[in-house]
Amino acid sequence: MKKLILLLMVCPFMVFPQTLEELDFIAPINEGFIAVMKGGSWGFINNEGKIVIDFRNDLVTTEMDGYKYPVFKNGLCLISKESDGITYFGYIDKRGKTVIEPQFLNATNFFKNKAIALHVLKEELGKNDVLGKNVIRYKYFEAVIDIDGNIEHYLNPKGINVVLDKKKLLIPPKVTSKQITNNIYAVYTDNMNWRIEVIKN
């Protein structure tokens, strides 16, 4: 015991290795980060085993090889946030900082610096004189976004009507389009088939 006290006095800044215990899940490494779950919350460690993003409840999981865990793609990870009972999606960077605010009804991971997100637009149809209220309609569009969250292209220009009510929108609508390459997309149509859309850079 005296030797240990003497050692601590001589080396007061000695660093002991960090140990993470009682983890529920450890994901494979992805972009230098490893997702770890504890008590239903997710965090990230780096390839030295140090926590770089502390455990939190807003990280969105992605199915990979039969398992679901959060991942970084193009340096960004999906997060979700609830507002008035509706879930919105955004992204954090590798510092854990929100870089694209949760604003989309759903979103995909980035691929070649692009993602597909469900962007909601509000349209005022007029005024109900009896109730004294504006008549509003919401639509969402499958939009191609860049890593700054800017919308570059709408894949379904007509949009899809949606009721922004927690009782009617119990789960997020699905993203039906798929990114094939950095500029080719497969878009699922109203006729229940596919069309190829090429976006010029």
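Note that the structure is a prediction, hence the values are computed from the model and not measured.

1. Some words on the packing of aromatic side chains
A full pass over the atoms with the stated rule returns 9 aromatic pairs. Ring geometry for F25 and W42: centres 5.8 Å apart, planes at 75°, overall edge-to-face. You can see F25 sitting in strand β1 (residues 25-30) and its partner W42 sitting in strand β3 (residues 41-46), a full 17 residues away along the chain. Note on accessibility: F25 and W42 belong to one class, buried. Consider the rings of Y91 and F110, whose centres lie 4.8 Å apart with planes at 65°: the pair is edge-to-face. With Y91 in strand β8 (residues 86-92) and F110 in the loop between β9 (98-104) and β10 (114-128), this pair connects stretches of sequence that are 19 residues apart.

2. A word on the pairing of strand β7 (residues 77-83)
Pairing of β7 with β8, which is carried by 7 bridges, proceeds in the antiparallel orientation. By the bridge assignment, E82 is partnered in β8 with T87.

3. What about the sheet that holds strand β15 (residues 184-188)?
Reading across the sheet, the 3 strands line up as β14-β15-β16 and stay open at both edges, with antiparallel pairing between neighbours. Lying at the two open borders of the sheet, with one neighbouring strand each, are β14 (178-179) and β16 (194-198).

4. Focus: the pattern of salt bridges
For the structure on display, the rule yields 7 salt bridges. Across the pair E31 and K94 runs a salt bridge, and its minimum N-O distance is 3.4 Å. On the criterion of sequence distance, the pair formed by E31 in the loop between β1 and β2 (33-38) and K94 in the loop between β8 and β9 is long-range, its members being 63 residues apart. With relative accessibility at 34%, the residue E31 sits in the partly exposed group.

5. Some remarks on the environment of G43
By the secondary structure assignment, G43 is in strand β3. Residues G43 and I26 lie 17 residues apart in sequence; the distance between their C-alpha atoms is 10.0 Å. What G43 contacts, discounting residues up to four positions off in sequence, is I34, A35, V36, I53, D54, F55 and L59.

6. Topic: the nonpolar core
Soluble globular proteins tend to pack their nonpolar side chains together in the buried interior. Counting residues in hydrophobic clusters, the biggest one holds 15 residues, and the most contacted among them are W42, F44, L59, Y69, F72 and I92. Within the residue set of this core, elements represented by two or more residues are β1, β2, β3 and β7. By residue number, the principal contributor to this core is β2, which donates 3 residues. Not counting residues up to four positions away in its chain, the partners in contact with W42 are F25, A35, V36, M37, D54, F55, R56, L59, T61, K68, Y69 and P70. V60, Y91, F104 and A107 belong to the second largest nonpolar core, which has 12 residues in total.

7. Things to note about a nonpolar patch on the surface
The grouping of Y188, M192 and W194 at the surface amounts to a nonpolar patch, some 360 Å² of accessible area in total. Structurally, the position occupied by W194 is in strand β16. For W194, a relative accessible area of 44% corresponds to the partly exposed category.

8. Observations concerning the sheet that holds strand β4 (residues 51-56)
Taken together, 4 strands build an open sheet; the order of strands is β1-β2-β3-β4 and the sheet is antiparallel. The two strands at the open ends of the sheet, each matched to only one other strand, are β1 and β4. The sheet shows a mean angle of 15° between the axes of neighbouring strands, direction not considered. Two strands pair when backbone bridges link them, and β2 and β3 are joined in this way by 6 bridges, in the antiparallel orientation. In the strand pairing of β3, M37 is matched with W42.

9. Some words on the confidence of the model for the chain
Per-residue pLDDT for the chain averages 89, and the proportion of residues at 70 or more is 89%. Scored below 50 in pLDDT, residues 1-17 makes 2 contacts in the model with residues more than four places away or belonging to other chains.

So, how was this worked out
Residues numbered from 1 in each chain as written. Predicted model: local features only at pLDDT ≥ 70, side-chain atom pairs only at ≥ 80, totals over all residues. Heavy atoms only, no water. Phe/Tyr/Trp six-rings, centres within 6.5 Å; stacked < 30°, edge-to-face > 60°. Helix = DSSP H or I, 4+ residues; strand = E, 2+ residues; numbered from the N terminus. Buried < 20%, exposed > 50% of the residue type's maximum accessible area, 1.4 Å probe, protein only. Pairing = 2+ DSSP bridges. Salt bridge = Lys/Arg side-chain N within 4 Å of Asp/Glu carboxyl O. Contact = heavy atoms within 4.5 Å. Core = buried A, V, L, I, M, F, W, Y, C linked by side-chain atoms within 4.5 Å. Patch = residues over 30% accessible without salt bridge, like charges linked within 9 Å, V, L, I, M, F, W, Y side chains within 5 Å. Areas by Shrake-Rupley, 256 points an atom, 1.4 Å probe, with all protein chains shown as cover. Axes fitted to C-alpha atoms, helices over the stretch in contact; angles between N-to-C directions. pLDDT = per-residue confidence, 0-100.

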